[in-house]
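Here is how the chains run, residue by residue.
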Amino acid sequence: MQFLIINGPNLNMLGIREPSIYGSMTYDDLVTSCLGWCHDVGVDGECFQSNHEGAIVDRIQQAFFDKVDGIVMNPAAYTHTSVAILDALKATGIPTVEVHISDVHTREAFRHHSYVSLAAVKTIIGHGVQGYQEGITWLADYLRAQSKA
Ligand code: DQA
């Protein structure tokens, strides 16, 4: 199985960006960890980060043509604004787990709504970077169960 891990805007600034909210792990460390977590559950992982909405839409579409099996995605600020990313996920139908490092539900009201949740098979909120591990593990189990059904 092939998984794509997508991180949206400002997540390349992990470790520098508001560490009291997002922790001290850098984006490079997160990539290394995500690839390791994919390996642990027997899937091939690839990571992609962009600060640009259209680039994320393009990457989701490419994932369809590349026959990617699952996406683990932290859309960051685009979570709360992007109908285009929601539509790309719906267009491709690739099972997607949405991850947020922080507990968006206890933060500003504008972070409480997620467009991406409307297409996600699961959403993991507020578990720090461990949320990516949970998402990768959950998605591998989910897709294996689906393929047996
Ligand atoms: C975030 C939460 C978003 O509201 C914010 O814009 C981010 C990161 C999180 O991982 O907690 O950039 O998705």
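Above this note sits the structure.
Remember, predicted model here, so these are calculated numbers, not experimental data.

(A) How the structure looks around the site of the ligand. In the vicinity of the ligand, the contacting residues are Arg17, Tyr22, Asn74, Ala76, Ala77, His80, His100, Ile101, Ser102, Val104 and Arg111. A distance of 2.9 Å separates an oxygen atom of the ligand from a polar side-chain atom of Arg111. With the chains in place, 99% of the 320 Å² that the ligand exposes on its own is no longer accessible. Among the residues making up the shell around the ligand, the classes are represented as 5 nonpolar, 4 polar and 2 charged.

(B) Fine view of the sheet that holds strand β1 (residues 2–7). Ordered by their spatial adjacency, 5 strands build an open sheet running β2-β1-β3-β4-β5, and the pairing between neighbours is parallel. At either margin of the open sheet sits one strand with a lone partner, and together these are β2 (44–49) and β5 (122–125). Within this sheet the neighbouring strands show an average axis-to-axis angle of 15°, counted without direction. Bridging between strand β4 (residues 96–100) and β5 involves 4 bridges; their strand directions are parallel. Each bridged residue has a counterpart across the sheet, and for Val97 the counterpart in β5 is Lys122. Against the sheet, helix α2 (residues 27–40) contacts β1 and β2, and its axis sits at roughly 155° relative to β2. Across the sheet, helix α5 (residues 130–148) lies against β1, β3 (70–74), β4 and β5, angled at about 160° from β3, the strand it touches most.

(C) Main features of the pairing of β4. Most of β4 sits inside the fold, with 5 of its 5 residues counted as buried. Of the two faces of β4, both are covered, the one formed by Thr96, Glu98 and His100 as well as the one formed by Val97 and Val99. Where β3 lies against β4, 3 bridges are found, and the strand directions are parallel. Residue pairing in the sheet places Val72 in a bridge with Val97 of β4. In the classification by handedness, the crossover that spans β3, the intervening helix α4 (residues 83–92) and the parallel β4 is right-handed.

(D) Structural view of the pattern of salt bridges. Applying the stated criterion across every chain, the model contains 3 salt bridges. With a closest N to O distance of 3.9 Å, Arg107 and Glu108 form a salt bridge. Looking at Glu108, the relative accessible area reads 36%, which means it is partly exposed. A salt bridge links Arg111 to Glu108, with the nearest nitrogen and oxygen atoms 2.7 Å apart. The structure contains a network of salt bridges with shared partners spanning Arg107, Glu108 and Arg111.

(E) Region of interest: unusual backbone geometry. In this structure, Asn10 is a non-glycine residue whose phi angle is positive, near 75°. The backbone phi angle of Glu18 is positive, close to 30°, even though this residue is not glycine. Its place among the elements puts Glu18 in the loop between β1 and α1 (19–22). For Glu18, a relative accessible area of 41% puts it in the partly exposed group.

(F) Fine view of the pairing of β1. Within β1, 5 of the 6 residues are buried, which leaves it mostly tucked inside the rest of the structure. Judged from the 5 bridges that link them, β1 and β3 form a sheet pairing that is parallel. The partner of Ile5 across the bridge, within β3, is Val72.

(G) Up close: the environment of Tyr115. When you line up the elements, Tyr115 lands in the loop between β4 and β5. The class for Tyr115 is partly exposed, based on a relative accessible area of 26%. Tyr115 sits 31 residues away from Ala84 along the chain, and the two C-alpha atoms are 9.4 Å apart. When sequence neighbours within four positions are dropped, the list of residues in contact with Tyr115 reads Thr79, His80, Thr81, Ser82, Val83 and Leu86.

What counts as what
Residues numbered from 1 in each chain as written. Predicted model: local features only at pLDDT ≥ 70, side-chain atom pairs only at ≥ 80, totals over all residues. Heavy atoms only, no water. Near = heavy atom within 4 Å. Polar contact = N/O pair within 3.5 Å; in protein donor to acceptor, adjacent residues only side chain to side chain. Areas by Shrake-Rupley, 256 points an atom, 1.4 Å probe, with all protein chains shown as cover. Nonpolar A, V, L, I, M, F, W, Y, C, P; charged D, E, K, R; others polar. Pairing = 2+ DSSP bridges. Helix = DSSP H or I, 4+ residues; strand = E, 2+ residues; numbered from the N terminus. Axes fitted to C-alpha atoms, helices over the stretch in contact; angles between N-to-C directions. Contact = heavy atoms within 4.5 Å. Buried < 20%, exposed > 50% of the residue type's maximum accessible area, 1.4 Å probe, protein only. Right-handed = clockwise from strand over helix to strand, strands pointing away. Salt bridge = Lys/Arg side-chain N within 4 Å of Asp/Glu carboxyl O.

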